[in-house]
Amino acid sequence: MVRVKIIQQGVWHMSKESMPLAAGYLAAMLRSDPELSTRCQAEILNYSGATSPWEMATRLLRSEVPDVLCFSVLGWNVRQFGALAETFKQVNPKGIVVFGGNHVSHQAERTLRQWPEVDVIVNGEGELTIVDLLSCITDGGDLAKVEGISYRDARGSVRTTAERARIEDLDIIPSPILSGVIPLHDDTGAFRYDVALLETNRGCPYHCSFCYWGGAVGQRVRSFSRERLRAELDVLARAEAETVVLCDANFGILRSDLEFVEDLVGVRRRYGYPRALETSWAKNKSHTFYEIVDIMRREGIRSSFTLALQTLSDNALATMNRRNMKINAWQDLTERLSADGMDIYAELIWGAPGETPESFLEGYDALAQHVSRIAAYPLILLPNTDYVERKSLYGFVTVRGDRDDFEYVLANKDMTLQQNLEMQRFLFWARLLAENLVLRRVFPALRAAGGVRQSQVILSVADHIEAQPTVGARLLRGAAAGSTADPDSLSSALEFCFTSAEFDELVTGWWKANGPSLVAVPWIEPLAELIRFDLDSRPLPDVATRGPYNALTEVRDGEEVLVAERDYAYDVLGMCHSAGSRPGAAPRRSPTRVELCWKAGFAELAASTNHEETAHYVARSRRLADVRKPTVAH
C-alpha cells in the first residue's frame, strides 16, 4: 500500500485551519479511483497559516512516514514546504515529493533548481494528473507518459510532458464535501473552519497583466452542476457553516450564479445557515448581478460587494490590459448598493507601470467620495503573468520575500524607489484604517464638513501617531516601516487597534491636535463625538476588551451577540446619514443614546487581514432615546 499525504496550509497568521478544498479534490480523486483506492492510502494534512516548519515536520513524522508527499503550493507557503520536503527526504530518501499550485505551475526550471528535494511539478489542474501520476508511480512506469507534469530525468535534466487539456466536465471530480473526504466538524461538533470554501466554476475570460487565476485567465468558464452545488450547500448548512466563500474568478455574471444564490436562500430558510456569502464579484456588473443583490438584500444574506477597479489611471489600465466600468456606472453602483444597505468596498493596486503617486492618490480620493473602504495593495509580480513575461519592458526592479517567494516591486520605469517607499507607507495606513474598518464614519464626515480628502485624513493620522512616544505608537510606527518586507506587520497592528484602549487615546489625541486645522471651529466638537462613536463601534473581540463597555452577551435571531448602550452629546447616527451630502452647517448638540450590537466571536479574527470577514463584526447601531438633562428643582 502506497501511503500518500496531501499537504495544504492556510494564509499567514491565521491560527484557525482553512478548509482544504484543493487537497480535498485530490484526495477524493484518489479514493474514488477503482484501482488506486486499493493500492494507495490518501490522507490530508491541513496546517493553519501560523504553523511553523518545526510543527509541520513533527506532525508529519509522528505517524508512519509516507511514500509520496503532494503539496498545494502558493507563494506564502513554498519556503515552508521546501523545508518540509528536505526533512521528508532525510527519513525517506526514496520517497516522492510532488509540488502543484499556482506558484510552481510552469515554473519547473526555477522550482526544481531551488528545491532539489522536489521530484515532480504539476502544471495546471491537478485532479486528473494526480491519478495518472500515482498510477505511474505505483506501477513503476515512465513519467514521460503522464501529461501535465515536469520532472528530472535520469541525467538530471528537467523534462516537461505534453500539456493536459482542461477538465470540461467538472462533475467528474468527486465532491470532497459530499464524500466526507474533508472533515467538517471539530472535537466539539462545531464547524471547524474559518469559512466554508466552494467552487462553482473555473475559468476567467479576462487576461489582466498582474493575474494568474489558477492558470484560468483567458479561459472559457466551466461550471459544476446545479444539483451538485445544491447538495454541497445542504451539507454545509447542516454543519452550520456561517460564511461560504466562493473560489470563483468572476461571480455574478452567469445565470447559474443566480441559481446558486436561489439555492443558497432555500437552504438557509431550512437550516438558518449560511448567513454570509463572499466571493470575487465580476468587475463588470450585469442585470444578473443586480438580481442577485436584490435577493441577498431581501433575505438578509451578508456580503461584501467588490468594485475591482485596480486603478483609475488610463495609462496604468493600458499596461494592465484592462478596461474599467465607466465612471457614471460605478458611481451609480455604489449609490444603489449603499441605498440598499449593502456592504461595498473597492480595490486598487499601486505600482503598475503608467501610474504615478499623484495619479494614484487622485484616483484613490475620487473613489473614496463614493466608497471609503478601499483595499489598496502593492503590486506583487506573480509567476506566469504578463508583467513577469515583459519584466524588462516595464523596467521592473524586484526583490524576493525572505519568508515567502513573492517578487516585491521596488521600482519600475514610471516609479522611483523613493516614490515607492513613500507610497508603501500610505498603503499601510490606508489598509489599516480604512480597508480593515478600524475607522469608517470619520472619512465621509470630514469630507462633508471641510472638503478634507480621505488620503489627507489617513496621512494626518499617520503623522500624528508616528510622532508619539507611547508603546502602541512605536508598535504602529515599526509595523508601517516594515510593512512591505514583513507581510505579518499589518496583522499585529490590527490586533493592537482592535484590542487596545490606547488606540482610542491616540486617535482622540490626533483630533485634538489636528482638528482645528482641518475644519471650522463649529465642527470640532460634533466630529469629536462622531470619532468616539467610530471607535466605539469598531469590531469588539469580547466584553472585557478596550475598557468599560458594560457589554452583555445575548442571542438574537439565533446568533450570539454583544450588546451595549452608549451616550453621545450629538446625534451621531444622523451625522452618519448626512455625511455624504453637501457641506452644511455644523449640527447642534442633541444628546442621544445608541445601542451597539456586535456579532460575537471576533477574538479569533482580531489579527486577521480578511477585511471581508471583519466587516460582519462592525457594530450594528440604533437610536434608543434622546438623553435629556435632568430637571433641577428650585
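Just so you know, these numbers come straight off a predicted model, no measurement behind them. (Residues numbered from 1 in each chain as written. Predicted model: local features only at pLDDT ≥ 70, side-chain atom pairs only at ≥ 80, totals over all residues. Heavy atoms only, no water.)

### Some words on empty space enclosed by the protein
- Taken as a whole and judged by the stated rule, the model has 2 cavities of 30 Å³ or more.
- By volume, the second largest cavity is sized at about 40 Å³.
- Asn201, Gly203, Cys204, Pro205, Val221, Asn250, Ile253 and Leu254 together form the lining of the second largest cavity. (1 Å grid on protein atoms, 1.4 Å probe; cavity = no way out; pocket = protein on both sides within 12 Å on 5 of 7 lines; lining within 4 Å. Points joined across faces, edges and corners; volume = space filled by probe spheres on them.)

### Details of the pattern of salt bridges
- Inspection of every chain in the model, using the stated rule, returns 54 salt bridges.
- A salt bridge links Arg269 to Glu299; the shortest N-O distance between them is 2.5 Å. In this pair, Arg269 is assigned in helix H8 (residues 255-271) and Glu299 in helix H9 (residues 287-299), connecting sequence segments 30 residues apart.
- On the accessibility criterion, Arg269 (61% relative accessible area) is exposed.
- The network of salt bridges with shared partners includes Arg79, Arg110, Lys391, Arg400, Asp405 and Glu407. (Salt bridge = Lys/Arg side-chain N within 4 Å of Asp/Glu carboxyl O. Helix = DSSP H or I, 4+ residues; strand = E, 2+ residues; numbered from the N terminus. Buried < 20%, exposed > 50% of the residue type's maximum accessible area, 1.4 Å probe, protein only.)

### Some thoughts on the layout of surface pockets
- Here the second largest pocket is characterised by a volume of approximately 770 Å³.
- Lining the second largest pocket are 29 residues, with Lys16, Glu242, Lys599, Ala600 and Tyr617 sitting closest to its centre.
- In terms of residue class, the lining of the second largest pocket is made up of 12 nonpolar, 5 polar and 12 charged. (Nonpolar A, V, L, I, M, F, W, Y, C, P; charged D, E, K, R; others polar.)

### Some remarks on a nonpolar patch on the surface
- Taken together, the side chains of Val397, Val399, Leu410, Leu417 and Leu421 make up a nonpolar region of the molecular surface, amounting to roughly 390 Å² of accessible area.
- Secondary structure elements with two or more residues in the nonpolar patch: strand S17 (397-400) and helix H15 (417-435).
- Judged by its relative accessible area of 43%, Leu417 is partly exposed. (Patch = residues over 30% accessible without salt bridge, like charges linked within 9 Å, V, L, I, M, F, W, Y side chains within 5 Å. Areas by Shrake-Rupley, 256 points an atom, 1.4 Å probe, with all protein chains shown as cover.)

### Description of the sheet that holds strand S4 (residues 96-100)
- Taken together, the 7 strands give an open sheet; going across it, the order is S2-S1-S3-S4-S5-S6-S7, and neighbouring strands pair in mixed fashion. A single partner strand is all that each edge strand has here, and the edge strands are strand S2 (40-47) and strand S7 (158-160). Averaged over all adjacent pairs, the angle separating strand axes in this sheet is 20°, with direction ignored.
- Across the sheet, helix H1 (residues 21-32) touches strand S1 (2-9), S2 and strand S3 (68-72), and the angle it forms with S1 is around 160°.
- Lying over the sheet, helix H4 (residues 78-91) contacts S1, S3 and S4, oriented at roughly 170° with respect to S4. (Pairing = 2+ DSSP bridges. Axes fitted to C-alpha atoms, helices over the stretch in contact; angles between N-to-C directions. Contact = heavy atoms within 4.5 Å.)

### Overview of the confidence of the model for the protein
- Mean pLDDT for the protein: 92, with 95% of residues reaching 70 or above.
- In this model residues 627-634 is a low-confidence stretch, pLDDT under 50, and it forms 4 contacts with partners more than four residues away in sequence or in other chains. (pLDDT = per-residue confidence, 0-100.)

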